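# Examination of the molecular architecture
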Amino acid sequence: MYGEMNEKLRVYVDELPVIKQLFSKDVYLTVMDAQGVILGYAIPEGKRPIMNIGDHFRDPSGALSEVLRTGRTKHNCLPPEVMGEGFEGDLVPIKDGGNVVGCITCTYSVDVKEEMAKITTQFQESVSSIQGSLQELMGGIENLFKLLSDMDQLTTSVESDVHNAVNVVNNINGNASRSNILALNASIEAARSGEYGRGFAVVATEMGKLANDSGKSASEIKVTLSTIMEHLTTIISSIKDASAFANDYRGNISSIQEILENTVVLAGKLEEDINRD
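Presented here is a report on the structure given in the accompanying data block. (Residues numbered from 1 in each chain as written. Predicted model: local features only at pLDDT ≥ 70, side-chain atom pairs only at ≥ 80, totals over all residues. Heavy atoms only, no water.)

### A look at the sheet that holds strand E2 (residues 38–42)
Whenever strands of a sheet pair, they do so through backbone hydrogen bonds, lying parallel or antiparallel. Taken together, five strands build an open sheet; the order of strands is E2-E1-E5-E4-E3 and the sheet is antiparallel. In this open sheet, the two edge strands, each paired with only one partner strand, are E2 and strand E3 (74–78). Taking the axes of each pair of neighbouring strands and ignoring which way they run, one obtains an average angle of 25° across the sheet. Bridge count between strand E1 (residues 27–33) and E2: four bridges; the pairing is antiparallel. By the bridge assignment, Leu-29 is partnered in E2 with Ala-42. Against the sheet, helix H3 (residues 63–70) touches E1, E3, strand E4 (87–96) and strand E5 (99–109), its axis set at about 145° to E5. (Pairing = 2+ DSSP bridges. Helix = DSSP H or I, 4+ residues; strand = E, 2+ residues; numbered from the N terminus. Axes fitted to C-alpha atoms, helices over the stretch in contact; angles between N-to-C directions. Contact = heavy atoms within 4.5 Å.)

And the structure:
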């Protein structure tokens, strides 16, 4: 075939290995004559030839025919149905004495590009989903933080009420002690009154019993209130710790959201670069 090949085309075929070094390692170079017959090619290392030398390339898009007819470079995209995988690149006319004698194509497989674009899109969707989940979590933490604040105020109020109740119990205990003393004094006076003081002595005795019972009940209530106070103190401490913990998490989630937002921006730029290439 070399004997029938145009000299200009022969030069291009012979220099394909050198020309290949000027491009990315993923680029496919092909030299065709004016009838679309493959004269030579240079392909990425490890890749198989899409077509063989001597094969006739039939371009359903009409891009090759247009380049050979007009003598102007054209960018073209071929779907996977044509060559078994998608290709994109430029078709450059080869001229000899002003006449178009052939074409050299510089193309690359778009499968990797499409896969990268797909992965980038999925990545953006995943990050967006994570952002949505974090926003819901942030809302939950905000509600928890408010709830803990309300509980802190409520327990503080209850603590104050318990203090007041303790004061009331102390007063009851004091009154019981005084009532007991009065009952004792009444018993003494009743004893001095002899026969006439017997009825009053019975009342004094009952007053003494009532005072003792009141004092005993007041002491038991005071013990119970002291226990409640201890529990309230523990609850208040736990609420304060939980509030601090929730506040720390709120700050951490805000930092994560900021990182994810930056990640989405970078993914968008990557997708733009992929589509631009």
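### Considering the pairing of E5
Among the 11 residues that make up E5, eight are buried, leaving the element largely enclosed by the rest of the structure. Alignment of E1 against E5, held across seven bridges, turns out to be antiparallel. The residue of E5 that forms the bridge with Thr-30 is Thr-105. In terms of strand pairing, E4 meets E5 through 10 bridges, oriented antiparallel. Along E5, the bridge assignment pairs Ile-94 with Gly-102. Adjacent in sequence and paired antiparallel, E4 and E5 are bridged by two residues, among which Gly-97 carries a positive phi angle near 65°. (Buried < 20%, exposed > 50% of the residue type's maximum accessible area, 1.4 Å probe, protein only.)

### Some points on the side chain of Glu-88
Position of Glu-88 relative to the elements: it lies in strand E4. Of the polar contacts made by the side chain of Glu-88, one reaches the side chain of His-75; its length is 3.0 Å. (Polar contact = N/O pair within 3.5 Å; in protein donor to acceptor, adjacent residues only side chain to side chain.)

### A word on the pattern of salt bridges
On inspection of all chains with the given rule, the structure shows two salt bridges. The partner of Arg-10 in a salt bridge is Glu-7, and the shortest N-O contact between them spans 3.3 Å. In this pair, Arg-10 and Glu-7 are both assigned in helix H1 (residues 7–14), three residues apart and thus about one turn of the helix distant. Ionic pairing is found between Glu-66 and Lys-74, a salt bridge with its closest N-O pair at 3.8 Å. The class for Glu-66 is partly exposed, based on a relative accessible area of 29%. (Salt bridge = Lys/Arg side-chain N within 4 Å of Asp/Glu carboxyl O.)

### Digging into the nonpolar core
Considering soluble globular proteins, one finds that nonpolar side chains tend to be buried as a cluster. Leu-9, Leu-16, Leu-29, Val-31, Leu-39, Ile-94 and Ile-104 are the most contacted members of the largest nonpolar core, which has 14 residues in total. Contact partners of Leu-29, with chain neighbours within four places excluded, come to Leu-16, Ile-19, Lys-20, Phe-23, Gly-40, Tyr-41, Ala-42, Thr-105 and Cys-106. Counting 13 residues, the second largest nonpolar core, distinct from the first, contains Tyr-28, Met-32, Leu-68 and Leu-91. (Core = buried A, V, L, I, M, F, W, Y, C linked by side-chain atoms within 4.5 Å.)

### What to know about H3
By the burial criterion, the buried members of H3 are Ala-63, Leu-64, Val-67 and Leu-68. What you see down the axis of H3 is that its buried residues fit within an arc of 130°, all on one side. Residues of H3 that are buried make contact with E1, E3, E4 and E5. Downstream of H3 by one or two residues, Gly-71 has phi in the positive range, about 75°. (Arc of directions from axis to C-beta.)

### Details of a nonpolar patch on the surface
On the surface, Leu-144, Leu-147 and Met-151 cluster together into a nonpolar patch covering about 240 Å² of accessible area. Its location among the elements puts Leu-144 in helix H5 (residues 111–192). Owing to a relative accessible area of 38%, Leu-144 belongs among the partly exposed residues under this scheme. (Patch = residues over 30% accessible without salt bridge, like charges linked within 9 Å, V, L, I, M, F, W, Y side chains within 5 Å. Areas by Shrake-Rupley, 256 points an atom, 1.4 Å probe, with all protein chains shown as cover.)

### Topic: the packing of aromatic side chains
Tallied over the entire structure, the rule returns one aromatic pair. Seen in terms of ring centroids, Tyr-28 and Phe-87 are 5.1 Å apart; in terms of plane orientation they differ by 90°. Their pairing is edge-to-face. Placement of Tyr-28 in strand E1 and of Phe-87 in strand E4 is noted, with a sequence separation of 59 residues between them. Each member of the pair, Tyr-28 as well as Phe-87, carries the same accessibility label: buried. (Phe/Tyr/Trp six-rings, centres within 6.5 Å; stacked < 30°, edge-to-face > 60°.)

### Quick look at the pairing of E2
Counting buried positions over the five residues of E2 gives four, a clear majority of the element. The turn joining E1 and E2, which pair antiparallel and follow one another in sequence, is formed by four residues; a positive phi near 85° is taken by Gly-36.

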